[in-house]
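One-letter residues, chain by chain:
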Amino acid sequence: MDKNLQAAADKIKTARHLIAFTGAGISVESGIPPFRGENGLWSKYDPQCLDLDFFHAHPQKAWIAIKSIFYDFFGTAQYNPAHQVLANWEHEGILKALITQNIDNLHQEAGSKNVIEFHGNSQKLICEACHQQFLPSDFDLKVLPPLCPHDRSVLKPDFVFFGEGIPEKAYQRSILEAKNADVVLIIGTTGEVMPAAMIPREAKQYGAIIIEINTEVSNYTNEITDIFLQGKASNILKELEQSIM
Ligand code: NAD
């Protein structure tokens, strides 16, 4: 077995408080492309639809693009073996918390329970007036924008738009987990989006060992990563799962 893979498996097996920090890369094998890059979502859609001011000014226009990306497209994606391994590890008590930047709900669909949704979740809608949450399936999305049944306000997907702050509770829980972690597994993220990108750095400052899985080097690789496992998230996580059994 590869030396790095064995070293990572040993750290995972003996960790006191293992946490995972995931990004768009873990869902690429589920068919969800990242935002940026050649085949990224922004090569097809205008990112303006996720700008909070634009959304408030032009809810119907924004909702047409939002429906196409997050309900017609994300809504049909299935979790992949990488999501599954993390859910198994939580169930077995190996993984203590999962902080995700993703908004696709695939960790939750794979069975992970202790998921900190740093950027919210596209598979929930929220009324900005009465703060009640709804499921997209409660609405006929042929009629846009969907309206709150109580006060007729426009419903917003419950994820963080450009120009919006991070949900306070998710932020505070992430910092606590970072401080408490002795091993952090970073999976499929460039480490460019702030303030999320600071979470593994915070853990490193508090002495955590950093294991990174990515198909390419990221901002973290030469800065804080102790063990770099290059490859697809599903292949590497399946191999790690085998080797800690
Ligand atoms: P990113 O798009 O900046 O980077 C993706 C990373 O994943 C890259 O480093 C890439 O090398 C790596 N990668 C690609 N395929 C991989 C694979 N099969 N296995 C392992 N790694 C792989 O993603 P980011 O750092 O998460 O930042 C983008 C922001 O956009 C985040 O805030 C995220 O919430 C959001 N986003 C979310 C989704 C989603 O919910 N699935 C999709 C696109 C963007």
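Residues numbered from 1 in each chain as written. Predicted model: local features only at pLDDT ≥ 70, side-chain atom pairs only at ≥ 80, totals over all residues.

Asker: Pulling in residues and values, what's your account of the overall build of the protein chain?
Answerer: Scanning the protein chain from N- to C-terminus turns up 8 helices and 9 strands. A globule of 245 residues ought to have a C-alpha radius of gyration of about 18 Å, and the protein chain, at 18 Å, matches this closely. Oriented by its inertia axes, the alpha-carbon framework of the protein chain measures out at about 55 × 35 × 30 Å. The buried share of the protein chain, reckoned over its 245 residues, is 39%. For the protein chain, the proportion of contacts with a sequence separation of at least 24, taken over those separated by at least 6, is 66%. (Helix = DSSP H or I, 4+ residues; strand = E, 2+ residues; numbered from the N terminus. Rg over C-alpha atoms; globule rule 2.2 N^0.38 Å. Buried ≥ 20, exposed ≤ 12 C-beta atoms within 10 Å, placed from the backbone. Contact = placed C-beta atoms within 7 Å.)

Asker: Pulling in residues and values, what's your account of the site of the ligand?
Answerer: Every one of the 27 residues lining the ligand counts as a neighbour, but Gly23, Ala24, Gly25, Pro34 and Asn102 are closest to it. Partitioned by chemical class, the residues of the shell around the ligand number 9 nonpolar, 12 polar and 6 charged. (Near = placed C-beta within 6 Å. Nonpolar A, V, L, I, M, F, W, Y, C, P; charged D, E, K, R; others polar.)

Asker: So what about the sheet that holds strand β2 (residues 95-100)? Which residues, and what values?
Answerer: Judged by pairing direction, the sheet is parallel, and its 6 strands sit side by side in the order β3-β2-β1-β7-β8-β9 without closing on themselves. Looking along the sheet, the strands with just one partner apiece sit at the ends: β3 (115-117) and β9 (227-230). When the angles between neighbouring strand axes are averaged without regard to direction, this sheet yields 15 degrees. The pairing of strand β7 (residues 183-187) with strand β8 (residues 209-214) spans 5 bridges and is classified as parallel. The partner of Leu185 across the bridge, within β8, is Ile211. Taken strand by strand, helix α7 (residues 198-205) contacts β1 (18-22), β2, β7 and β8, and its axis lies near 155 degrees from that of β7. (Pairing = 2+ DSSP bridges. Axes fitted to C-alpha atoms, helices over the stretch in contact; angles between N-to-C directions.)

Asker: Report on the confidence of the model for the protein chain, specifying residues and quantitative values.
Answerer: When pLDDT is averaged across the protein chain, the result is 95; 100% of the residues are at 70 or more. Two summary scores accompany this predicted model of the complex, namely pTM at 0.96 and ipTM at 0.97. (pLDDT = per-residue confidence, 0-100.)

Asker: I'd like to hear about the pairing of strand β6 (residues 155-159), residue by residue, with values.
Answerer: With 4 of 5 residues buried, β6 lies mostly within the body of the structure. Sheet analysis places strand β4 (residues 120-127) next to β6, joined by 5 bridges and oriented antiparallel. Its bridge partner being in β6, Ile126 is matched across the sheet by Lys156.

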